[in-house]
Amino acid sequence: MLPDHFCKCTHCGLNFPAFGKELICPKCRRQSTLTERRLNRPILTARERGIVALVQQAKQNKEIAWLLRKTNGQPLTEGTVKVYLSAIFRKMGVMNRTELAVYADKIIAAKIAQQKAAMESSLELSAAA
Ligand SMILES: [Zn+2]
């Protein structure tokens, strides 16, 4: 089972992978309260991934709004699509939809690899502690 997130020990400062609400530091065995960084957090939410896929199909905001309403029954406005898009651009580090369409797959793959590497190095650290 993969850890849900990293927890930084509030007593000794160790970063350790944590499962659910069990935040016991492997080094000093004390309970921590601070969750530092989620690990298995998806890069994009399900809805954001759906929007990226539609941008990759060269859909315009109006179409995206309509298609999303059609598939899940929740109405979206063009304004909402724009808000989602700015959040996606920020998360992905791109300037516009053209860059997003071209680079989305590569960026997501790179971010997943980063998360995986961070998790593995942390697991090694806590195994050594
Ligand atoms: Zn500790």
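Residue positions are given per chain, counting from 1 as you read along its sequence in written order. Predicted model: local features are reported for residues with pLDDT of at least 70 only, side-chain atom pairs are reported and counted for 80 or more only, and whole-chain, interface and lining totals are derived from all residues.

Some details on the overall build of the protein chain
As a reminder, the rule being used: Helix and strand definitions follow DSSP, with helices as H or I runs of at least four residues and strands as E runs of at least two, each counted in order from the N terminus. With C-beta atoms placed from the backbone, the exposure class of a residue follows from how many other C-beta atoms lie within 10 Å of its own: 20 or more, buried; 12 or fewer, exposed; in between, partly exposed.
Within the protein chain, the regular secondary structure consists of four helices and three strands. Beginning at the N terminus, the succession of helices and strands in the protein chain can be written as β-β-β-α-α-α-α. Sorting the 129 residues of the protein chain into buried and exposed places 16% on the buried side.

Structural notes on the nonpolar core
Applied cut-off: We define a nonpolar core as a collection of buried residues of the types Ala, Val, Leu, Ile, Met, Phe, Trp, Tyr and Cys that are connected via C-beta atoms lying within 7 Å of each other. Whether two residues are in contact depends on their C-beta atoms, placed from the backbone: they are in contact if these lie within 7 Å.
By size, the foremost hydrophobic cluster in this structure holds 12 residues: I51, V52, V55, I64, A65, L68, L76, V81, Y84, I88, L100 and A104. Not counting residues within four places of it along the chain, the set of residues in contact with L76 comprises A65, L68, R69 and V81. Of all hydrophobic cores here, the second largest spans five residues; its members include C7, C9, F16 and C25.

Things to note about helix α1 (residues 46–56)
Each α-helix turn comprises 3.6 residues. Residues three or four places apart therefore point the same way. Our working definition: By definition, the arc is the one covered by directions from the helix axis to the C-beta atoms.
Those residues of α1 that sit buried are I51, V52 and V55. The buried residues of α1 all sit within an arc of 100° when viewed along its axis, so they share a single face. Immediately beyond the C-terminal end of α1, within one or two residues, lies A58, with a positive phi of roughly 65°.

Remarks on the pairing of strand β1 (residues 5–8)
Going by this rule: At least two bridges found by DSSP between two strands are what make those strands a pair.
As defined by bridge partners, β1 adjoins strand β2 (residues 15–18) across four bridges and the pair is classed as antiparallel. In the sheet register, F6 faces β2, and the bridge partner there is P17. Counted along the chain from β1 to the antiparallel partner β2, the turn is six residues long, and its residue G13 has a positive phi close to 85°.

Quick word on the packing of α1 against helix α3 (residues 78–92)
We apply this condition: Angular values range over 0 to 180 degrees, each being the angle between N-to-C directions of two axes fitted as lines to C-alpha atoms, with helices fitted over their stretch in contact. Convention used here: angles under 35 degrees read as roughly parallel, angles over 145 as roughly antiparallel, angles from 65 to 115 as roughly perpendicular, and any remaining angle as oblique. For this classification, Asp, Glu, Lys and Arg are treated as charged, while Ala, Val, Leu, Ile, Met, Phe, Trp, Tyr, Cys and Pro are nonpolar and the rest, including Gly, are polar.
In contact at an axis separation of 10 Å, α1 and α3 are set at 95° when each is read in the N-to-C sense. With respect to each other, α1 and α3 are oriented roughly perpendicular. Mapping the contact onto sequence places R47, E48, I51 and V52 in α1 and V81, Y84, L85, A87 and I88 in α3. Taken together, the residues of the contact of α1 with α3 break down into seven nonpolar, no polar and two charged.

Points about α3
The following threshold applies: The span expected for a helix works out to 1.5 Å for each residue beyond the first.
Over its 15 residues, α3 runs 21 Å from end to end, which matches the ideal 21 Å to within 8%, given 1.5 Å per residue. Taken as a whole, α3 has its buried residues at V81, Y84 and I88. Down the axis of α3, the smallest arc covering the buried residues is 65°, so these residues share one side. Those residues of α3 that are exposed and aimed more than 90 degrees away from the buried face are G79, V83, S86 and R90. Once α3 ends, the next one or two residues include G93, with phi positive near 70°.

Geometric descriptors of this kind do not, in isolation, establish any biological role.
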